[in-house]
Amino acid sequence: MSSKPIYEPHPSISKKAHISSMSQYKEMYKKSIDNPEEFWSEIAKQFYWETQADPKNFFNYNFDINKGPVNIKWMEGASTNISYNLLDKNVKNGLGDKIAFYWEGNDPEDYSRLTYRKLLEEVCKFANVLKSKGVKKGDRVAIYMPMILEIVIAMLACTRIGAVHSIVFAGFSSDSLAERMLDCKAKVLLTADCVWRGDKLLGLKEICDAGMDRSAKLGHTVDACIVVRHIRRLTSSMNASSDSHPSNKTIPMDDDRDSWWDDEMEDASSSCYPEWCSAEDPLFMLYTSGSTGKPKGVLHTTGGYLLYAATTFKYVFDYHPGDIYWCTADVGWITGHSYVVYGPLANGATSIVFEGTPFYPDNDRYWAVIEKYKVTQFYTAPTAIRALMKFGEAPVKKHDLTSLKVLGTVGEPINPEAWMWYYKNIGSERCSIVDTFWQTETGGHVLTPLPGATPMKPGSATFPFFGVLPELLDEEGKVVDGPGEGYLVFRRPWPGMMRTLFGNHERFESTYFSKFPGFYCTGDGARRDSDGYLWVTGRVDDMLNVSGHLMSTAEVESVLGEHPSVSEAAVVSRPHPVKGECLYCFITPNQGITFTDKLVSELKTKVREKIGPFAQPDVIQHAPGLPKTRSGKIMRRVLRKIAVNDRNVGDTSTLADESVVEMLFKNRPESLAA
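Residues numbered from 1 in each chain as written. Predicted model: local features only at pLDDT ≥ 70, side-chain atom pairs only at ≥ 80, totals over all residues. Heavy atoms only, no water.

Asks: Describe in detail the sheet that holds strand β7 (residues 164-167), supporting the description with residues and values.
Replies: The 8 strands are arranged β12-β11-β8-β6-β7-β14-β15-β23 in an open sheet whose pairing can be described as mixed. Because the sheet does not close on itself, it has two edges, and the strands there are β12 (258-260) and β23 (500-501). Pairing analysis gives 4 bridges linking strand β6 (residues 140-144) to strand β8 (residues 188-192), with the strands arranged parallel. Counted as the bridge partner of Y144 is T191 from β8. Here helix α7 (residues 174-184) sits on the sheet and contacts β6, β7, β8 and β14 (282-288); the angle it forms with β14, its principal contact strand, is near 145°. (Pairing = 2+ DSSP bridges. Helix = DSSP H or I, 4+ residues; strand = E, 2+ residues; numbered from the N terminus. Contact = heavy atoms within 4.5 Å. Axes fitted to C-alpha atoms, helices over the stretch in contact; angles between N-to-C directions.)

Written out as structure tokens, the structure is:
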């Protein structure tokens, strides 16, 4: 791996960077490891604290479950309010008239902007709306919204009053929404009437109604649902006077529960005193898939998350006043939390909130937006880059991208081919690429290059961020020193790390700390080359990463198994040229049931409806039997080999019936290339 080409940061980037050399990085990193209290307390001085942290009790933790409960605490004794630091403080510092967000709609003709002063006013008004619905400090508020400015206002309004927001990506099904609202006991649900995704109109309120009905049947009733009139204000979707225009569509509203956002805001006061929250008070929860199939409510807290989101944003994107930053992620994911909302606002940045897709109305949309706003930092997913590569250079060359300084990738490891295309065609070989590795659980980047300092290797996440202490462990839990491969773990916490799983600390401990006591286990493997660079190799547990969406095999298998014709299902991943990975499903029908194209279609639809469109399987194969050990465990290692038509399946002597393997190879769908 050390022989791989290295790309030095361009001198024009290094010259002005916050961190301009590897020696500077190493000096700061050493301080963050040797004296984390001093390192992070210096950063904390950038923000307002109603009460200060106890310097003698700034940082405490235990990662070893054999020595007691796992716990992580930063800045005990400190109190603050996130919205005050992101809004009031910036306005007081003279940024009131600065653009906080440009909003770019699904259609290029739909756009708007919001200054820091106006954002503060809207946040205070909606905070008062939430209070009028009985929302108090610690209550959970579910948000199921498209990428509109109201989603940012809603998040910050929750932080204003100490409520805990739980955002559900508005691509999940009503069942998935219901499951999350039930688990967190959401008091209020916030949504929009409809949303355009490309040329498709989706009725979000109808999905929410089905979700609230299901949640009620399972024992939890949402008190109120507030709905944004989004479609009515869009001017360019089609002629608004047309009978078929979506704004003329009747949106179902329950008078006892539902209300319109604009009606609620009309008489709300634009003044709302902030609720001061302890550093370890909950800030938000965000669900991520678990290997058991039941989503995990990852809980982040106030003080440490603020420090970490702000610091990673500043250094990883090398943000400077006057820059225009764009992260294409949906706020429904952790990337949108940390690097669309909290990190940028904590730095007084100007950002873009993008509702559209890379391909609508044309496949040059990303490049058109970069040119329109003169974007300086661009952060997107490898899946999007691979999808855009197939259109070649022509769509890119139509646009002026010379404003760009830093390019970023997130969600999955980027393959070297996509990295090089990005570097050459989008960055013109002068932009640094920050290939960031992190998780919902980590709250922010943990492995990443720094634009002005780190020599880049295509496909490598390079080195740890400040305060992060990674290790590679072998199967026995021994540390792998020097070049080698193993489980990627972390020896101690950083401020932005999750604190627990909502309502289930036991699962938190067993999921992340039981395999290797004393370490946080990411569930990913990695290798270290002879230069010390880290390369994330992907999941090592029963999880799938499809287009950056993490899901569990158990979750998909459970949905497939609900079909009355299915006896058993097994799911593995298969490499995909655009998505990175896709779902490959093996289905054993019930006795007497014929495996047909109709059954395949029904199963794909069922997964779409129960989980979401992003989870739809690419391949469903007939499996009269599955490779199982004598104890009944499915050997997914063998299934992964079958999915890619690799007959080197390894030792099968532990299988109860070895003939199953050859039968499954013969049953591979004819449409798959050999």
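There is more to say after this.
Asks: Let's hear about unusual backbone geometry: which residues, and what values?
Replies: A cis amide bond links Y360 to the next residue, P361, at an omega of 0°. Within the element layout of this structure, P361 appears in the loop between β17 (350-354) and α12 (365-373). Of note in this structure, S428 is not a glycine but carries a positive phi near 50°. With respect to the helices and strands, S428 occurs in the loop between α15 (416-426) and β20 (432-435). Phi is positive for E429, which is not a glycine, with a value near 60°.

Asks: Residues and numbers for the sheet that holds strand β22 (residues 484-490), please.
Replies: Taken in spatial order, the 4 strands line up as β21-β22-β24-β25 in an open sheet, and their pairing is antiparallel. Edge strands, defined here as strands with exactly one partner in the open sheet, are β21 (470-473) and β25 (534-539). Looking at each pair of strands side by side, their axes are set apart by 45° on average, direction ignored.

Asks: Residues and numbers for the packing of helix α17 (residues 553-561) against helix α18 (residues 597-610), please.
Replies: Where α17 meets α18, the closest approach of the two axes is 9 Å, and the angle between their N-to-C directions is 120°. Taken together, the axis directions place α17 and α18 in an arrangement best described as oblique. Handedness of the crossing formed by α17 with α18: right-handed. Where α17 abuts α18, its residues V556, V559 and L560 lie against L603, K606, V607 and K610. Looking at the contact of α17 with α18 residue by residue, the classes come out as 5 nonpolar, no polar and 2 charged. (Parallel < 35°, antiparallel > 145°, perpendicular 65-115°, else oblique. Left-handed = near helix turned anticlockwise from the far one by under 90°. Nonpolar A, V, L, I, M, F, W, Y, C, P; charged D, E, K, R; others polar.)

Asks: If you had to explain the packing of helix α4 (residues 82-95) against helix α5 (residues 116-132) to someone new, which residues and values would you point to?
Replies: Packed helix pairs are specified by the crossing angle of their axes together with the interaxial distance, meaning the distance between the axes. One can describe the packing of α4 onto α5 by two numbers: an axis separation of 9 Å at closest approach and a directional angle of 150°. Looking at the two axes, α4 sits roughly antiparallel to α5. Helix-helix and strand crossings are classified by hand; for α4 and α5 the assignment is left-handed. Counting all contacts with α4, which are made through L86, L87, D88, N90, V91 and L95, the residues of α5 involved are Y116, R117, L119, L120 and V123. Taken together, the residues of the contact of α4 with α5 sort by class into 8 nonpolar, 1 polar and 2 charged.

Asks: Explain the packing of aromatic side chains residue by residue, including any values.
Replies: Given two aromatic rings, their pairing is described by the distance between the two centres and the angle made by the two planes. In total, this model carries 59 aromatic pairs according to the counting rule given. Seen in terms of ring centroids, F284 and Y342 are 6.2 Å apart; in terms of plane orientation they differ by 10°. Their pairing is stacked. With F284 in strand β14 and Y342 in helix α11 (residues 334-346), the pair connects residues that are 58 residues apart, well separated along the chain. Grouping residues by exposure puts F284 and Y342 together as buried. The structure contains a cluster of three or more aromatic residues connected by ring pairs, namely F58, F59, Y61, F63, W74, F490, W494, F508, Y512, F513 and Y520. One Lys or Arg, R232, reaches over the ring of W260 and ends 6.0 Å from the middle of that ring. (Phe/Tyr/Trp six-rings, centres within 6.5 Å; stacked < 30°, edge-to-face > 60°. Buried < 20%, exposed > 50% of the residue type's maximum accessible area, 1.4 Å probe, protein only. Lys NZ or Arg CZ within 6 Å of the ring centre and 35° of its normal.)

Asks: Help me get a handle on the pattern of salt bridges, residues and values and all.
Replies: Throughout the structure, instances matching the rule amount to 41 salt bridges. Note that E179 and R180 form a salt bridge whose closest N and O atoms lie 4.0 Å from each other. The exposure class of E179 is partly exposed, given its relative accessible area of 30%. For R180, a relative accessible area of 3% translates into the label buried. In this structure, E475 and K515 form a salt bridge, with 3.3 Å as the shortest nitrogen-oxygen distance. Separated by 40 residues along the polypeptide, E475 in the loop between β21 and β22 and K515 in the loop between α16 (505-512) and β24 (520-528) bring together distant segments of the chain. (Salt bridge = Lys/Arg side-chain N within 4 Å of Asp/Glu carboxyl O.)

Asks: For the nonpolar core, give the residues involved together with the corresponding values.
Replies: Ranked by size, the top nonpolar core spans 176 residues in total, and within it L119, F126, L156, L189, L190, Y342 and F466 carry the most contacts. The leading source of residues in this core is helix α6 (residues 149-161), at 10 residues. Leave out the neighbours within four places in its chain, and L156 touches S83, L86, L87, L119, V123, V341, Y342 and L345. In this structure, Y366, W367, Y373 and M456 belong to the second largest nonpolar core, which totals 32 residues. (Core = buried A, V, L, I, M, F, W, Y, C linked by side-chain atoms within 4.5 Å.)

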